[in-house]
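Fold and contact review
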Amino acid sequence: MSAEAADREAATSSRPCTPPQDLLVRSSWLEESLLEKHLRKPCPDPAPVQLIVQFLEQASKPSVNEQNQVQPPPDNKRNRILKLLALKVAAHLKWDLDILEKSLSVPVLNMLLNELLCVSKVPPGTKHVDMDLATLPPTTAMAILLYNRWAIRTIVQSSFPVKQAKPGPPQLSVMNQMQQEKELTENILKVLKEQASDSILVLEAALKLNKDLYVHTMRTLDLLAMEPGMVNGETESSTAGLKIKTEEMQCQVCYDLGAAYFQQGSTNSAVYENAREKFFRTKELIAEIGSLSLHCTIDEKRLAGYCQACDVLVPSSDITSQQLTPYSQVHICLRSGNYQVCSRSINLEKPSDSLKENMASFLKNVCLGLEDLQYVFMISSHELFITLLKDEERKLLVDQMRKRSPRVNLCIKPMTSFYDIPASASVNIGQLEHQLILSVDPWRIRQILIELHGMTSERQFWTVSNKWEVPSVYSGVILGIKDNLTRDLVYILMAKGLHCSTVMDFSHAKQLFAACLELVTEFSPKLRQVMLNEMLLLDIYTHEAGTGQSGERPPSDLISRVRGYLEMRLPDIPLRQVIAEECVAFMLNWKENEYLTLQVPAFLLQNNPYVKLGQLLAATIKELPGPKESRRTAKDLWEVVVQICSVSSQHKRGNDGRVSLIKQRESTLGIMYRSELLSFIKKLREPLVLTIILSLFVKLHNVREDIVNDITAEHISIWPSSIPNLQSVDFEAVAITVKELVRYARSINPNNHSWLIIQADIYFATNQYSAALHYYLQAGAVCSDFFNKAVPPDVYTDQVIKRMIKCCSLLNCHTQVAILCQFLREIDYKTAFKSLQEQNSHDAMDSYYDYIWDVTILEYLTYLHHKRGETDKRQIAIKAIGQTELNASNPEEVLQLAAQRRKKKFLQAMAKLYF
C-alpha cells in the first residue's frame, strides 16, 4: 500500500466528515473520504448537504496579505476544487430545491447557485431576462431556471410569518455571526425582490420551451474540471447530464410561478387569476407525468390548498361548468353582500353526513368564540343551527354559554378614546399570540397585550414575530421605553402600520399610526414627531397611489406639510432617509421647482443628499431654455452623478473577471450610492425630469473610449463632452443603469417617442437589430397616428434612418434598405444600388416596388432585372415607373404627396412586420 493510500485510509477511518486543514488542498483525499463515503448511499441523506456548507465556507475564507490587510478569497486551485465539490454534492442530490432549502441558509444557497451559473457558462453581469433560453445549451438553460426558481421561492418563503425562536444564553460570538447572516440574507432578499419581475419573465419564457433539458451531474462536473482539450465538447451537447423532461420542468415552474403570483395577490387581487391558471396547469401536468416522475416533487396537499384558495378568490366565470365548493359559495355570498350566516352555501335537502358534521362543528366553535351572548342566542335560534344540531347538543351548548362568567359587552359601549376599552378575560397565551400576529385593529392589539401582560411579566411580546420590523433609527428610542406594555404596544403598532403601508393597505396603516400617535403624545415629544413624519409619508403614498395617478394635484396642506418636513430643524429627532427621499420626489413630480431652487434652507443642501440632488435637477430644468453658457447647474449635476458612478480603488474585480450577485464596488466619495440614486429616480414620474436624468446617463455612457455606437437622447448637448479620468467611472454599471432607467421610463409612458428611440439605440448598440427596428418603428408610429401623418424630422433624423438601414441590411432585407435610402435628406444611391444587387434578400423584393417613389432607383431596378433576364420583375418595375404621379414634370407638391403616400404605406407595412 502506498503512503498516500495509507494516509487516505487512516483519515477516512478516524474522521469521516471533517478532514484536517492541511489536507484540504488534496482533492483525491476529499473525493474518497467525503464524497464516496457519504454520496454513494442508495437514497439522499441530510448529512451530505452539510458538506456544501463546509466546502463553500472554506472556499470563501478571505486571505491576509503581507501588509496584514484582508483580501478577497484567492482564485486558486484549492478554492476551485472546493467549489466543485460543493456542486457535486448538490448534483448527487439531483438539485432538489426542497432538500437544499431546508438545510442551507439563503447566503450559502445563493453562493452555490451562482457557482452553478458560472460553471454552466452564463456570462457574468448578463441579465437572465435578456437571454433566449431556446438557443442556450441545455445545462446553461437549466442552471438559469434553477436560479430563478430559487429566487422567487425565497421571496415567497420570506413573506410567511414566522414565530421567533426563544433566544438561549447570550453568546457574543454566536450573536455576531447570527446578526451578520441576518444582514447578508436581508441584502440578498432585497436584490432578489428588485429582480423578481425579471425572474418571473424568465420562468414564463421557460414554459414556452418544447425540449427536454439537462442538469449537471457529478460526471459532467468532472468533465468541466478537465483540461479543455480532453472534453471534446461533451458538456455542451444535448445528451450530457441528468435529463429533465419538458413536462417535469414545466410542472415545477408552474407551481413556483403560481406561489409567486399568489403572494403578489395580497397587493393586487387581479394577480390571483394568474395564480389560479398556474396551479391548475400544475395539476394537469402532475396527472400527465403520473408516478413516473423522478425529478418533480410537488407537495400535492399544499397544491390542493392553493387551488381551493384560488377557486374561492377567483371563481371560474362559467359557474355552471364546475361544481362549486362550499368555500366558493360562501365567498360568492360575501362578495354579493348576501350574509344570511351560511344556509345558501350547502344543499340542505341532501347533505352528506360529513358536510353536516363540519358545518355543525363550525357553528359550535363560532358560538364558543363569541363574547356577546346576544349573538350566541341569535345564532342558536337560526334555522341552519336548528337543522344541523340535535336538541340535546343545542341545549347543552346554550347552557354552557349561560354558565360562562359575565363579560363586558364591547359592542354596545361607545369607543370614545383609545384608553377606554377594558380588557377581556384571559385565554391561552399561544392563541393570543396568534391573534396578535394576525390582527390589524389597534384596539384589539391593545386588548390582547393587556391580557398577555396579565399572564406573564417575563415575556417581550414585540419579539413574537420576526416579521415585525421597525427601522433601526426608531427601535432604540422605542425599546428604551420603561413600561413593558407601552413599549410592546408602540413597537407593534408601528411595525404593523409600516407593513400595511408597504402592502398599500393605507386605511389600516392610518388607523394603526393614529392610535400610536395618540399613545406616544402623552409621554414622548420625540416619538410624537416621529409618528407625524410617518403619517406624512403615508399621506404621500396614499395620494400617489390614488388620485395622483390620474394627474390630480395634491391638496395644498399636503404640500405645506412636505415643505415643513424639509425645513424641520428639531434636535435629536430620529429621521428616516426615505421620508426625505419621498418628499423631494413628491416636489419634483408636482413641479414645485421654484421651492427647490430658491427656498430650500442651506443646511438641508449640505446634510441631505436627496435635497441636494432635487435642487440640482430643479435648477437644471429652470436653466434649460437659457443659453448654453448659463447652464452652470447642469455641470454641477453632471459632476455629482459622475462621482456617484465612480469606482472605489479598494474594490476590484476578481482574477477570473466574474462579478458576484451583490457587489461592493461603488465609491464612497459620492453623495449617495448608485443603487440609492436608481431607487430615488424610480420614484419620479414627471416626464421632463426623467428625460433630463436619462440624457445625463446616456451622455455618460457615450463618453467611454471603446464605444462603437452612440445612444441619442433629448437635451444631451447640455452635458460636458468628456471627463478627466475615464478609468474612474464604472461604465458597466452606467450601461446597466441606462437600461434600467429606459425600462422604468417606458413603464411610466410607453408612448414617449424620445424614450423609444433610446431603447432602439440600446438594442442597435448591442447588435439586436430586429428589436431595434421594432422600437424605431414604434417611435415613429406614436407621433404620427400610426404613420397617417408625417413623422416629425426631429424623430426620424438622418442618424435614425441610417440605423434603420443598417438593421435591414444585417437582417438581409435588402429591398427595404433601398426604400429607406429615399428617406434621407439626400438620397443614398450608392447604398440603395448596392443593396438591390444582393440576390439573397429575405424580404418580398418586387412586392415592395410600389413603395419606391424615386424614379432613378426604379430605372436602376429595370436595368438590373433586364441584365439578369428577370422579365416578370422587370415588368413590375416598369409598371411602377409608369404611374402618372411620379412624372418628373408634375408640380413639386404632387411629387411630395406621392412620396408621402408611399412612405406611409411602407412604414405601416414594416410596422405590421416587426410589431
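Above this text sits the structure in question.
Right, let's walk through the structure included here.

1. Notes on the pattern of salt bridges
Per the counting criterion, the structure on display carries 29 salt bridges. Note that arginine 487 and aspartate 488 form a salt bridge whose closest N and O atoms lie 3.4 Å from each other. Overall, the relative accessible area of 8% leaves arginine 487 in the buried class. The closest approach of N and O atoms between lysine 635 and glutamate 639, which form a salt bridge, is 2.9 Å.

2. Topic: the nonpolar core
Leu566 and Phe697 are the most contacted members of the largest nonpolar core, which has 109 residues in total. Excluding residues that lie within four positions of it along the chain, leucine 566 makes contacts with Cys583, Val584, Met587, Tyr595, Leu604 and Val611. Formed by 81 residues, the second largest nonpolar core is a distinct cluster that contains Val49, Val108, Met142 and Leu192.

3. Remarks on the state of the cysteines
The final tally for this structure, using the stated rule, is 0 disulfides. Between cysteine 254, a free cysteine, and cysteine 251, which holds the nearest cysteine sulfur, the sulfur-to-sulfur gap is 7.3 Å. Residue class for cysteine 254 comes out buried when judged on its relative accessible area of 3%.

4. Quick word on the packing of aromatic side chains
Throughout the structure, instances matching the rule amount to 20 aromatic pairs. Taking 4.8 Å as the distance between ring centres and 50° as the angle between the ring planes, the aromatic pair formed by tryptophan 462 and tyrosine 491 counts as tilted. Taken as a pair, tryptophan 462 in the loop between α21 (442-455) and α22 (472-478) and tyrosine 491 in helix α23 (residues 484-502) lie far apart in primary sequence, 29 residues in all. Each of the two residues, tryptophan 462 as well as tyrosine 491, counts as buried. Members of the aromatic cluster, connected to one another through ring pairs, are Tyr255, Phe262, Tyr272, Phe279 and Tyr306. One cation-aromatic arrangement involves lysine 283 over phenylalanine 280; the distance from NZ or CZ to the ring centre is 5.8 Å.

5. Comments concerning the side chain of serine 475
With respect to the element layout, serine 475 can be found in helix α22. Setting aside chain neighbours within four positions, we find serine 475 in contact with Val470 and Tyr491.

6. Notes on the packing of helix α38 (residues 814-821) against helix α39 (residues 829-837)
In contact at an axis separation of 8 Å, α38 and α39 are set at 165° when each is read in the N-to-C sense. If you check the angle between α38 and α39, you find them roughly antiparallel. The crossing of α38 and α39 is left-handed. Every residue of α39 that contacts α38 at His814, Val817, Ala818 and Cys821 is listed here: Thr831, Ala832, Ser835 and Leu836. Per-class residue counts for the contact of α38 with α39 are 5 nonpolar, 3 polar and no charged.

7. Quick word on the side chain of serine 835
By secondary structure assignment, the location of serine 835 is in helix α39. You can call serine 835 buried: its relative accessible area is 6%. Every residue in contact with serine 835, bar those within four places of it in the chain, is listed here: His814, Val817 and Ala818.

8. Things to note about the environment of alanine 877
Turning to its location among the elements, alanine 877 is positioned in helix α41 (residues 871-881). Looking at alanine 877, the relative accessible area reads 0%, which means it is buried. For the pair formed by alanine 877 and tyrosine 860, sequence separation is 17 residues and the distance between their alpha carbons is 9.3 Å. Once you skip the residues sitting within four places of it in the chain, alanine 877 turns out to touch Tyr849, Leu858, Leu861 and Thr862.

Conventions and cut-offs
Residues numbered from 1 in each chain as written. Predicted model: local features only at pLDDT ≥ 70, side-chain atom pairs only at ≥ 80, totals over all residues. Heavy atoms only, no water. Salt bridge = Lys/Arg side-chain N within 4 Å of Asp/Glu carboxyl O. Buried < 20%, exposed > 50% of the residue type's maximum accessible area, 1.4 Å probe, protein only. Core = buried A, V, L, I, M, F, W, Y, C linked by side-chain atoms within 4.5 Å. Contact = heavy atoms within 4.5 Å. Disulfide = S-S within 2.5 Å. Phe/Tyr/Trp six-rings, centres within 6.5 Å; stacked < 30°, edge-to-face > 60°. Helix = DSSP H or I, 4+ residues; strand = E, 2+ residues; numbered from the N terminus. Lys NZ or Arg CZ within 6 Å of the ring centre and 35° of its normal. Axes fitted to C-alpha atoms, helices over the stretch in contact; angles between N-to-C directions. Parallel < 35°, antiparallel > 145°, perpendicular 65-115°, else oblique. Left-handed = near helix turned anticlockwise from the far one by under 90°. Nonpolar A, V, L, I, M, F, W, Y, C, P; charged D, E, K, R; others polar.

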